[in-house]
Amino acid sequence: MTGTLASLTLRGLLNRRRTLLLILLSLLIVVVAALSRLAEPTEAEARQFTTVLLADFGLGVLLPLVAVIVGTAAIGSELEDGTIIYLLAKPIPRILIVLVKLLVAWVLVVALVAPVTVVAGIVASSGDAELGAAYAVASVVGALEYTALFLALSIVTSRALVIGLAYVVIWEGVAAGLFGGTRIFSVRQHALAVADAFATDGAVPAELAAST
């Protein structure tokens, strides 16, 4: 039954329009990385650009956008169209339903973000895979946090997508940048700390320790 639930969740998340949007979002970071090579930057400039691209665009834009779309739809779409009632009528523990949907959504976000992060890092830095790999590991951790947060929001409110976007833009984009004390509640800052733990010292602009 768990396998059936997982396959149904994945099928629901990968409808044609949503799948196309997610793929285009994921490929955008690789396109930007490729365009940066046209300027023929020096090695130091390429590394600096790679750091900015992966930190600000990869973890700051791509990951939360993909996670908010997938996370809020994992359960939220069934709540909106009323089909959740048929699932809840089955003899399946509700916590299991949530965990399966979380797992599927997390794996999907990781599949859409982590590989392109590695590729973008290699392309932007002209062959250096270290930064890309560090940010890819960070995206795996960040994907779990974001997906769990947005899935939980979709259970308690029908405006999960709006609230999720507000969290990303206002809290992580503004508050965490201005007030150091708010960064402990920022998924992006946690992800940067993970990337910092796997990269060369000073290569990642992390404000928190990985152990936070």
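Attention in this report is confined to the structure presented alongside it. Counting starts from 1 at the beginning of each chain's written sequence and moves along it residue by residue. For this predicted model, a pLDDT threshold of at least 70 governs which residues receive local features, and a threshold of 80 or more governs which side-chain atom pairs are given and counted, while totals over whole chains, interfaces and linings are taken from all residues. Think of the side-chain values as coming from all heavy atoms in the structure, minus any hydrogens and water.

## Some thoughts on the overall build of the protein
Secondary structure summary: the protein contains 8 helices and 0 strands in total. The way it works is that DSSP assigns letters per residue, a run of H or I at least four long becomes a helix, a run of E at least two long becomes a strand, and they are numbered from the N terminus. The order of helices and strands in the protein, counted from the N terminus, is α-α-α-α-α-α-α-α. Throughout, the radius of gyration refers to the C-alpha atoms, and the reference size of a globule is 2.2 Å times the residue count to the power 0.38. For a compact globule of 212 residues, the expected C-alpha radius of gyration is about 17 Å, and the protein comes in at 18 Å, within 12% of that figure. Across its three principal directions, the C-alpha atoms of the protein cover 60 × 35 × 25 Å. Burial classes: relative accessible area under 20% of the type maximum marks a residue as buried, over 50% as exposed, and values in between as partly exposed (1.4 Å probe, protein chains only). Buried positions account for 43% of the 212 residues belonging to the protein. Relative to all contacts within the protein whose residues are 6 or more apart in sequence, the contacts with residues 24 or more apart total 72%. For the protein, the exposed area adds up to about 10800 Å²; of that, 69% sits on carbon and sulfur atoms. In summary, the charge assignment counts Lys and Arg as positive and Asp and Glu as negative, without counting His or the chain termini. By convention, the point assigned to a charge is CZ for Arg, NZ for Lys, CD for Glu and CG for Asp. Computing the positive centroid from 12 side-chain charges and the negative centroid from 14, the protein places the two 17 Å apart. Contact criterion: two residues are considered in contact whenever any of their non-hydrogen atoms come within 4.5 Å of each other. Each accessible area is a Shrake-Rupley result for a 1.4 Å probe, and residues are judged covered by the shown protein chains and nothing else.

## Considering the packing of helix 6 (residues 130–156) against helix 8 (residues 187–198)
With their axes 8 Å apart at the nearest point, helix 6 and helix 8 run at an angle of 150° to one another. The angle between helix 6 and helix 8 falls in the class roughly antiparallel. At the point where helix 6 passes helix 8, the crossing takes the right-handed sense. Counted together, A134, Y135, V137, A138, V141, G142, E145 and Y146 of helix 6 and V187, R188, H190, A191, L192, V194, A195 and F198 of helix 8 form the full contact between these two elements. Note on residue categories: nonpolar means Ala, Val, Leu, Ile, Met, Phe, Trp, Tyr, Cys or Pro, charged means Asp, Glu, Lys or Arg, and polar means any other residue, Gly included. Looking at the contact of helix 6 with helix 8 residue by residue, the classes come out as 12 nonpolar, 2 polar and 2 charged. The convention used is that axes are lines fitted to C-alpha atoms, helices contributing only their stretch in contact, and that angles between N-to-C directions extend from 0 to 180 degrees. When describing relative orientation, an angle under 35 degrees is termed roughly parallel and one over 145 degrees roughly antiparallel, while 65 to 115 degrees is termed roughly perpendicular and anything else oblique. By convention, the crossing between two helices is left-handed when the near helix turns anticlockwise from the far helix through less than a right angle, and right-handed when the turn is clockwise.

## Some thoughts on the layout of surface pockets
Both site types are read off a 1 Å grid over the protein atoms alone. A 1.4 Å probe that fits but cannot get out defines a cavity, while an open set with protein on both sides within 12 Å along at least five of seven lines defines a pocket; lining residues have an atom within 4 Å of a point. Grid points are joined across faces, edges and corners, and a volume is the space filled by probe spheres set on the points. There is about 270 Å³ of room inside the second largest pocket. As for the second largest pocket, its lining consists of 15 residues, and the residues nearest its centre are T72, A73, G76, E80 and L161. Contributions of two or more residues to the lining of the second largest pocket are made by helix 3 (43–81) and helix 7 (160–178). Ranked by the residues each element gives to the lining of the second largest pocket, the list is headed by helix 3, at 7 residues. Across the lining of the second largest pocket, the residue classes tally to 6 nonpolar, 6 polar and 3 charged.

## Observations regarding the pattern of salt bridges
Should a side-chain nitrogen of Lys or Arg be within 4 Å of a carboxyl oxygen of Asp or Glu, the pair is scored as a salt bridge. The full count for this structure, using the stated rule, is 2 salt bridges. Put simply, R188 and D56 hold a salt bridge, and the shortest N to O gap is 2.8 Å. Of the two residues, R188 is situated in helix 8 and D56 in helix 3; the sequence distance between them amounts to 132 residues.

## Observations concerning helix 1 (residues 2–13)
Helix span is expected to be 1.5 Å times the residue number reduced by one. Spanning 12 residues, helix 1 covers 17 Å between terminal C-alpha atoms, matching the ideal 16 Å at 1.5 Å per step. For helix 1, the complete set of buried residues consists of L5, T9 and L13. Take helix 1 and look down its axis: the buried residues cluster within an arc of 65°, on one side only. Arc, as used here, means the arc of the directions from the helix axis to the C-beta atoms.

## Let's talk about a nonpolar patch on the surface
Like charges within 9 Å and nonpolar side chains (Val, Leu, Ile, Met, Phe, Trp, Tyr) within 5 Å are joined into patches, using only residues over 30% in relative accessible area that form no salt bridge. Together, L28, V31, L35 and L38 give the surface a local cluster of nonpolar side chains, amounting to about 390 Å² of exposed area. Relative accessible area serves as the criterion here: at 52%, L35 is assigned to the exposed category.

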